[in-house]
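For reference, the chains in residue letters:
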Amino acid sequence: MSIMEHKEEARTPYQQVVELTDDTVDPAIWGRNFPAQYDGYKRTVDQQRTRYGGSEAVPRTPTQADPREVVAQSRLKEDPRLAVMWAGYAFSKDFREERGHAFMLEDQVFTERQKAAKQPGTCLHCHASVYVPYKQAGGGDLVKGFEKLNQMPYAEALKHVKHPVSCIDCHEPKSMALRVTRPAFIEGIKAAKAAQGVKDFDVNRDATRQEMRTFTCGQCHVEYFFKGKEKRLTYPWDKGLKVEQIYAVYAENGHKDWVHARTGAKVLKAQHPEFEMYSQGVHARSGVTCADCHMPYKREGAQKVSDHHVRSPMLNINRACQTCHKWPEEELKARVESLQERTYLMRDHALNALMDLVKEVEQARARGVTDAQLANVHELQRRGQFYVDFVEAENSTGFHAPEEALRILGQSIDYIRQAQLALRDVTTVPRAPK
Amino acid sequence: MSIMEHKEEARTPYQQVVELTDDTVDPAIWGRNFPAQYDGYKRTVDQQRTRYGGSEAVPRTPTQADPREVVAQSRLKEDPRLAVMWAGYAFSKDFREERGHAFMLEDQVFTERQKAAKQPGTCLHCHASVYVPYKQAGGGDLVKGFEKLNQMPYAEALKHVKHPVSCIDCHEPKSMALRVTRPAFIEGIKAAKAAQGVKDFDVNRDATRQEMRTFTCGQCHVEYFFKGKEKRLTYPWDKGLKVEQIYAVYAENGHKDWVHARTGAKVLKAQHPEFEMYSQGVHARSGVTCADCHMPYKREGAQKVSDHHVRSPMLNINRACQTCHKWPEEELKARVESLQERTYLMRDHALNALMDLVKEVEQARARGVTDAQLANVHELQRRGQFYVDFVEAENSTGFHAPEEALRILGQSIDYIRQAQLALRDVTTVPRAPK
Amino acid sequence: MLSDLAARLLIAALVGIPAGVGGYTFFYAKGASYLTNDPRACANCHVMQDHYDAWVKSSHRAVATCNDCHSPKNVVAKYATKAENGFWHSLKFTTGDYKNPIQIRPHNKAIAEHSCLKCHQGIVDAIAGPHAAPAADHPKNEEMSCTRCHGGVGHPLPGGTTAGL
Ligand SMILES: [Ca+2]
Ligand SMILES: [Ca+2]
């Protein structure tokens, strides 16, 4: 390609081939105006493993019920302790390593967890391009549509969607500006900001472009629960984003995800709190955003574009890290892995403690110890288990906030071991958690 | 000062006023050739507190036995749990916040710990300018002199020294090049390098200048013990610098510092492992040295000199940090403190667990439980207590290696709580430590 | 109230007259070198030496001098800035009253940021806009900072650290 053409390109960053409206869901259409970004977007089908992330392509023979020919590896097989932690809950039936965005819809549809329990339409909020479907179902009102689909059974709501997350979920079609389209995040971040004293925060009005490079991801990569019989998707951020603040919300509203099959404790499931964990780390403090590492700029001819092949930065260290850190790739990889190893080691200590506790409580109940007598034990398990699951569910194996992850695991160990002590002398009053 | 002089200076770095020999101990004499460095050196008498470091000047009425008019605050008063951890050991009588180098000799001479127990001449290795005294006592042989003074009672050895650490302890008088003068470090680092596969490491021959900017400090800011009846000062690095590797050395040689007065466990005292902890952190990994942060360059006219006012970088953030981190001072301070707060919080969890254990074991022994039955409990206390003390004794409150400090504290909590469990069912076999 | 530019022009005029310590220094220390584009001229002051040494090792050594990044394109503003910096730096150099390591003032940081576009406009068109245009729907669509990721291009920092925001 000649210099002249470079200059040509340079002057007009892109050709308006088709007109995009606020109802254009199909990414292929957007792709005609933005081929570079669309190409990257499509590559999220790639599967490659890193030491602790990425994902492994595991072939399977398709069935009537589940036509997928390839899935990601089972985390339950990799670590059987997880099934013990989740005993009695759908997650103990099927839990896999997450993979690229291209799979989000099918993986949700076909997970065994769908059979293990009736799921609501709410699930789709984070697994499909719901912006237009919500608007339509709500007669133009996004939030109304959100509430409507939440209350449908999953199978029925499913009929309303066609695509995984798509361009329109993150971009305003005229200016291509970033935007947040997810009601649960709009409400959640408003509550979180309020907790910091920022009144009436409207993310699409008040967030800086820099913040939007993180918030677009925070729409889904967060801890959540279904509120009330309306199954309203809710992010538990009224008191803040830290694990103890989130736990305090559940303590107040008495929410439980299930009753542990072997201990009888009313326990909670933590889910992908990437945004919450990242927020406690030095990168967030330094204004580094999700997109900086997961969608780094890449050269396309005379232009720089955001790499829409969203994936593990460990597969793209040169662009994801080396502009800011002038260390050799091998060294950066080693730094990440040494942080992850520490997290993994402490996760091991916490899960082992939990295995001890579950076994002992099960035996105690067999001996006839009553749930009333186990009140302290149950509360300590509920907290300690939520803490370790919070780090386990966070998908960077500690990298997003290494010190925070280790702090949480250290406390988890303390609470779980204290639960074992409380089991031995039902009289001891456990130390007030910090 | 006018520009004319600036240019003047630039040409002549310093005047040779007096000739310095390898026997010139008095820093005042060196100071005539290097006034800027000497001025800084003298300023180590300053006492100022930071959130977790520095030191507070506490006035006291001098006595015959202890003429000091000002000391640093008592850490035992600040946190009474320390006296419980060290019950039966000299440290439970007197333990103060450390202060500037100018005080190292008098603080060692007058600490109550001297009365609480007979101390050997070995102590002086790190509290006085011993390079020339060692040479003289050894008839020219540094190591012979070292061995001689080690075996003297403290009071007798004291007669051989006059100054706190001085220029000659770190500098070769002709070239002013850095050098290591401490036998225990020369032997210790050799063992540590051997553990990494580096054979026959001679620090003064093989270390890079960059390494020397750390090793000169590592001569003293390290964990140590007195070996055999020769009281030879030894750094337990045969297996490496990590806490578990150091503990393994003590496990092998069966070393104990004292028997815990309330539990009967044969326990260990960890002491200022700054060098060991720092070595596990991201700064060490990035080639940042002790001197970079604690002796940053400062402009004296046209010259750049190393600030010999060795102190907390939190009192000197601009020079200590902003060369590399362009963040505002307030922000850098906040980053350090948030890392230290986490360390302090987990230290709290670990010490609380230890308080529970000590109380319980004491009661059990009162009930007649034998030391034989307590074997598991004692071993878990020995390890768990050494781990928490390792972080407590490390003087950066975790900053030198935040993730490592939290990892160690998390394991400490696990071991101490398991000791409580082992106490309840003396049959349980504790999990093999990782 | 004087506009920013007018104020700097005024100082520019001031330093023209060799009077007062600032002016004296300005000439003695080849403060006039502010008006040249030779990086060695900047290094006339030892306090600039570190940056000069780092620049010599930088990716821009062959392509951009100090002034390419530290003075605005507009000619009047360019000399105004140079004179103003020359004045302040001379004064502070003489009095020794400045932070060390030196910290860039917001005004000069902005100049450095904009200077990137003098040479790199083309390559960043796509990422800077269309949506980064002030008129864009997103009212808080601030300009993007280059130094956030490329802070070291002119003179890399020690330790491989990033320049920061
Ligand atoms: Ca994955
Ligand atoms: Ca101190």
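Residues numbered from 1 in each chain as written. Chains lettered and ligands numbered in written order. Predicted model: local features only at pLDDT ≥ 70, side-chain atom pairs only at ≥ 80, totals over all residues. Heavy atoms only, no water.

Trainee: What is the right way to look at the overall build of chain A in this model?
Mentor: The helix and strand tally for chain A stands at 22 helices and eight strands. Its C-alpha radius of gyration of 23 Å places chain A within 12% of the 22 Å reference for a compact globule of 434 residues. Projected onto its principal axes, the C-alpha coordinates of chain A cover approximately 80 × 55 × 55 Å. Within the span of chain A, comprising 434 residues, buried residues form 55% of the whole. Within chain A, contacts between residues separated by at least 24 positions form 66% of all contacts whose residues are at least 6 apart in sequence. Carbon and sulfur atoms provide 55% of the accessible area of chain A, an area that totals close to 18,500 Å². Charge separation in chain A, taken as the distance between the mean sites of 63 positive and 59 negative side-chain charges, equals 2 Å. (Helix = DSSP H or I, 4+ residues; strand = E, 2+ residues; numbered from the N terminus. Rg over C-alpha atoms; globule rule 2.2 N^0.38 Å. Buried < 20%, exposed > 50% of the residue type's maximum accessible area, 1.4 Å probe, protein only. Contact = heavy atoms within 4.5 Å. Areas by Shrake-Rupley, 256 points an atom, 1.4 Å probe, with all protein chains shown as cover. Lys, Arg positive; Asp, Glu negative; His and termini not counted. Charge placed at Lys NZ, Arg CZ, Asp CG, Glu CD.)

Trainee: Quick question: what am I supposed to make of the packing of helix α21 (residues 375–393) of chain B against helix α22 (residues 402–424) of chain B here?
Mentor: Two packed helices can be described by the angle between their axes and the distance between those axes. Residue and element names in this part refer to chain B. Orientation of α21 relative to α22, taken along the N-to-C sense of each, is 155°, at an axis distance of 8 Å. Regarding the angle of α21 to α22, the classification is roughly antiparallel. Taken as a pair, α21 and α22 cross one another with a handedness that is left-handed. Note on element contacts: α22 touches α21 through A405, I408, L409, Q411, S412, Y415, I416, Q418, A419, A422 and L423, opposite N376, V377, L380, Q381, R383, G384, Q385, Y387, V388, F390 and V391. (Axes fitted to C-alpha atoms, helices over the stretch in contact; angles between N-to-C directions. Parallel < 35°, antiparallel > 145°, perpendicular 65-115°, else oblique. Left-handed = near helix turned anticlockwise from the far one by under 90°.)

Trainee: Mind showing me how you'd approach the confidence of the model for chain C here?
Mentor: Note that predicted coordinates carrying low pLDDT should not be read in detail. Residues and elements named next belong to chain C. In the predicted model, chain C carries a mean pLDDT of 71, and 64% of its residues have values of at least 70. Confidence, read as mean pLDDT per element, is least for helix α2 (residues 20–28) in chain C (37) and greatest for helix α5 (residues 66–70) (93). Ignoring residues within four places in sequence, the model shows residues 1–34, a span with pLDDT below 50, making 49 contacts including any to other chains. Note on the complex model: pTM 0.94, ipTM 0.93. (pLDDT = per-residue confidence, 0-100.)

Trainee: Even after reading the chapter, I still don't get the interface of chain B and chain A, so can you show me in this structure?
Mentor: Quite often, the size of an interface is put as the accessible area lost when its parts meet. Each partner contributes residues to the interface: chain B has 36 residues there, and chain A has 36 residues. Both sides of the chain B and chain A interface together cover about 3,400 Å² of buried area, and 52% of this is carbon and sulfur. For the interface between chain B and chain A, the tally reads eight salt bridges. For A:R417, the salt bridge identified is with B:D414, shortest N-O distance 2.7 Å. Seen at the junction of chain B and chain A, the total is 18 residue pairs in polar contact (both at pLDDT 80 or more). Where the side of chain B that touches chain A is concerned, the elements lending two or more residues are α17 (282–285), α20 (329–366) and α22 of chain B. Among the elements that line the side of chain B that touches chain A, the one with the most residues is α22(B), at 15 residues. Looking at the side of chain B that touches chain A residue by residue, the classes come out as 12 nonpolar, nine polar and 15 charged. (Buried area = accessible area lost by both parts, 1.4 Å probe. Salt bridge = Lys/Arg side-chain N within 4 Å of Asp/Glu carboxyl O. Polar contact = N/O pair within 3.5 Å; in protein donor to acceptor, adjacent residues only side chain to side chain. Nonpolar A, V, L, I, M, F, W, Y, C, P; charged D, E, K, R; others polar.)

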